[in-house]
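Understanding the architecture of this molecule
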Amino acid sequence: MPEQAMHAREADVSGVRVLLTGGTSGLGLGMVRAVVAGGASVVLTGRDANRARRVAERETAAGPGAATGIAMDVRDEASVADGVAAARATMGGIDVLVNNAGIGMRTVNPRFLTEPRPFYEVTPAGFTDLMATNVTGYFLVARAVVPDMVAAGRGTVVNVSINEETMRRRGFMPYGPSRAATDAMSHVMAADLAGTGVDVHLLLPGGATVTGMIPDDLPEEARGGLLEPTVMGHAIRWLCSSASAGRTDLRVVARDFVPPGDTSPA
């Protein structure tokens, strides 16, 4: 898909209640800022409660929406249950779940871009932790949130993913396979929820982004091609808004995103 310019017009998310996992940095923080700027209420999660609270306070001050930061370990069922309950209590419900919390190749190979290693050099512990975070985490949080959406007859789940080429890239075990799994899981969720009023979508930036997953020693010339986390803003606001209601199982590339039917000038 060719790169398209971002449209200036933003979708209205005022009053929308969003639970966004992994919202203290990177793509997650970029999405938090976008929806808070649109007037949404957001509960953002992180493993460190103090850091999550500090980030939320800063974003709330920027307004006009509001953010609350809580601790949640998406790998742990009890932590997820507590976090989802806290989010519901804070906002009075959850309209949108953004599954974003994840870890990358840096956790199993700090030099994965410059010195890729074969799959057989990945430790079982590293493999297990990454899959538990990136795959089981999405499942556990969606499993805790979605039943109330089904009961209400409306809601949206957004699962953050990557481009398909990265899923098969040399030296990307287990990160690539983990995102292939979340892609497949998202399609299954959409099929299972067809007719319930709950929509499920995949959202990906459209290229490598400036996040903590990028190695510190990446050459400056390579850094010049990285996308900023703000690339997610236009697409996530549309997916959180009523404008996307009734569409499901979309695979949205944030870098290229133009809302369906939008003919306004860029």
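Parameters and conventions
- Residues numbered from 1 in each chain as written.
- Predicted model: local features only at pLDDT ≥ 70, side-chain atom pairs only at ≥ 80, totals over all residues.
- Heavy atoms only, no water.
- 1 Å grid on protein atoms, 1.4 Å probe; cavity = no way out; pocket = protein on both sides within 12 Å on 5 of 7 lines; lining within 4 Å.
- Points joined across faces, edges and corners; volume = space filled by probe spheres on them.
- Nonpolar A, V, L, I, M, F, W, Y, C, P; charged D, E, K, R; others polar.
- Helix = DSSP H or I, 4+ residues; strand = E, 2+ residues; numbered from the N terminus.
- Buried < 20%, exposed > 50% of the residue type's maximum accessible area, 1.4 Å probe, protein only.
- Polar contact = N/O pair within 3.5 Å; in protein donor to acceptor, adjacent residues only side chain to side chain.
- pLDDT = per-residue confidence, 0-100.
- Contact = heavy atoms within 4.5 Å.
- Core = buried A, V, L, I, M, F, W, Y, C linked by side-chain atoms within 4.5 Å.
- Phe/Tyr/Trp six-rings, centres within 6.5 Å; stacked < 30°, edge-to-face > 60°.

Now for empty space enclosed by the protein. One pass over the structure, following the stated rule, counts 1 cavity of 30 Å³ or more. Every residue lining the largest cavity is listed: Met105, Val108, Asn109, Arg117, Pro118, Glu121, Val122 and Gly171. The residue inventory of the lining of the largest cavity, partitioned by class, reads 4 nonpolar, 2 polar and 2 charged.

This next bit is on the environment of Arg255. Mapped onto the elements of the fold, Arg255 is located in the segment after β7 (250-253). When its relative accessible area of 24% is taken as the criterion, Arg255 is described as partly exposed. Distance from Arg255 to Leu227, taken between C-alpha atoms, is 8.4 Å for residues 28 residues apart in sequence. Here Gly206 takes part through its backbone oxygen, which lies 2.8 Å from a polar atom of the side chain of Arg255.

On average, residues of the protein chain score 90 in pLDDT, and 89% of them reach the 70 mark or higher. A low-confidence stretch, residues 1-8 stays under pLDDT 50, and its non-local contacts, those more than four residues away or across chains, total 21 contacts.

Counting 63 residues, the largest nonpolar core has Val18, Leu19, Val98, Leu203 and Ile236 as the members making the most contacts within it. In this structure, Ile236 is in contact with Met31, Ala34, Val35, Val98, Val158 and Leu203, ignoring residues within four places of it in sequence. Core analysis: the next-biggest nonpolar cluster, separate from the first, contains 10 residues, Val108, Val122, Met167 and Tyr175 among them.

Moving on, we get to the packing of aromatic side chains. Inspection of the entire model under this criterion finds 3 aromatic pairs. Considering the side-chain rings of Phe119 and Tyr120, the 5.6 Å spacing of their centres and the 80° angle between planes classify their relative orientation as edge-to-face. By the burial criterion, Phe119 is exposed, and Tyr120 matches it. Aromatic side chains Trp238 and Phe257 sit 5.4 Å apart centroid to centroid with 50° between the ring planes, which places their arrangement in the tilted category. Pair noted here: Trp238 is in helix α8 (residues 233-240) and Phe257 is in the segment after β7, with a separation of 19 residues, a long-range link. By the burial criterion, Trp238 is buried, and Phe257 matches it.

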